[in-house]
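Inside the fold
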Amino acid sequence: MFFDGAVNANGVGIGAIFISPTGQHYPATSRLWFFCTKNTTEYEACIMGMNMKVDLDVDELLIMGDSDLIIRCIDALEAEMIMNEVHSGVCGPHMNGYVLAKKILWAWYYWMTMEKDFYSFVQKCHKCQIHCDLIHAPSSELHLMSTPWPFVAGVTFKAVTKKVVVDFVDSNIICCFGIPKTVITDNAANLNNYLMREICE
């Protein structure tokens, strides 16, 4: 894998290219939407290449770049210790295998079987298996979706006179729900009149 990054007044760009043993080329480029130093572009380009390695399921990889990046290759014992610390250590959130791979790659550790190791490590984690499908919402009583009290459908009138209001209250409220215990009004003349008092008595 070859990688490189560039910074100029127009922006920041990174690129990586895989060349297979048969000569097949797999290029990838990207533009970063934040300004950074030349070294940071090199890091981002290498990370993009490492992500391509995971996506293309590459077993062996020779990394070539013109920067002073150091990717530390480690043995199986160190790999187990790093996975344990990142996955379930002091700040380990017990993430899945994919996120675990990203976090360890960001820390610049690498080994040949890392992707397979991440998934098998997470599958062997006792706490992940116990709590993986745990729903963290408290149980509560189910409620009907209907309204908790009856509503009257709105109607329109040409003129809202005393007689119209009394007829509406009689036919839509009293006939359907009975005589109300209390009627609260805004003291409008069409609600606060003798016809309304008669119907409610």
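For the structure itself, look to the data block above.
Below is a short write-up of the structure. Everything numeric in this text was worked out from a predicted model, so none of it was measured.

Counting residues in each nonpolar core, the largest one holds 34 residues, and the members touching the most others are Leu 61, Leu 100, Ile 104, Trp 111, Met 114 and Phe 118. Of all the secondary structure elements, the ones that give two or more residues to this core are strand 2 (11-19), strand 3 (25-32), helix 1 (38-56), helix 2 (76-88), helix 3 (97-106) and helix 4 (114-124). Here this core gets 7 residues from one element, more than from any other, and that element is helix 1. Counting contributing residues, this core receives three or more from each of domain 1 (2-65) and domain 2 (72-131). If we skip the residues at most four places from it in the chain, Trp 111 touches Ile 74, Ala 79, Met 83, Ile 104, Asp 117 and Phe 118.

This next bit is on helix 2. Here helix 2 contains 13 residues, and its C-alpha end-to-end distance of 18 Å stays within 8% of the 18 Å for a straight helix at 1.5 Å per residue. Within helix 2 the residues assigned to the buried category are Ala 79, Ile 82, Met 83 and His 87. Viewed end-on, helix 2 has its buried residues packed into an arc of 115°, placing them on one side of the element. Facing away from the buried side of helix 2 by over 90 degrees, the exposed positions are Leu 77 and Met 81. Looking at the buried side of helix 2, the elements it contacts are helix 3, strand 6 (109-110), helix 4 and helix 5 (126-131).

So, on to the sheet that holds strand 2. The strand order across the open sheet built from 4 strands is 3-2-1-4, with neighbouring strands paired in mixed fashion. Looking at strand neighbours, the two that pair on one side only are strand 3 and strand 4 (64-65), the edges of this open sheet. Of the pairings in the sheet, the one linking strand 1 (residues 2-8) to strand 4 comprises 2 bridges and is parallel in character. In the strand pairing of strand 4, Phe 3 is matched with Gly 65. Running over the sheet, helix 1 touches strand 1, strand 2 and strand 3 and is turned about 40° from strand 2.

It is worth spelling out the packing of helix 3 against helix 4 at this point. Between two packed helices, what matters for the description is the angle formed by their axes and the separation of those axes. Where helix 3 meets helix 4, the closest approach of the two axes is 8 Å, and the angle between their N-to-C directions is 130°. By the angle between their axes, helix 3 is oblique relative to helix 4. Between helix 3 and helix 4 lies a crossing of right-handed hand. Judged by residue contacts, Gly 97, Tyr 98, Leu 100, Ala 101, Ile 104 and Leu 105 of helix 3 engage Met 114, Phe 118, Tyr 119, Phe 121 and Val 122 from helix 4. Taken together, the residues of the contact of helix 3 with helix 4 sort by class into 10 nonpolar, 1 polar and no charged.

What counts as what
- Residues numbered from 1 in each chain as written.
- Predicted model: local features only at pLDDT ≥ 70, side-chain atom pairs only at ≥ 80, totals over all residues.
- Heavy atoms only, no water.
- Core = buried A, V, L, I, M, F, W, Y, C linked by side-chain atoms within 4.5 Å.
- Buried < 20%, exposed > 50% of the residue type's maximum accessible area, 1.4 Å probe, protein only.
- Helix = DSSP H or I, 4+ residues; strand = E, 2+ residues; numbered from the N terminus.
- Domains from an automatic or database assignment.
- Contact = heavy atoms within 4.5 Å.
- Expected span 1.5 Å × (residues − 1).
- Arc of directions from axis to C-beta.
- Pairing = 2+ DSSP bridges.
- Axes fitted to C-alpha atoms, helices over the stretch in contact; angles between N-to-C directions.
- Parallel < 35°, antiparallel > 145°, perpendicular 65-115°, else oblique.
- Left-handed = near helix turned anticlockwise from the far one by under 90°.
- Nonpolar A, V, L, I, M, F, W, Y, C, P; charged D, E, K, R; others polar.

Just distances and angles here, no functional claims.
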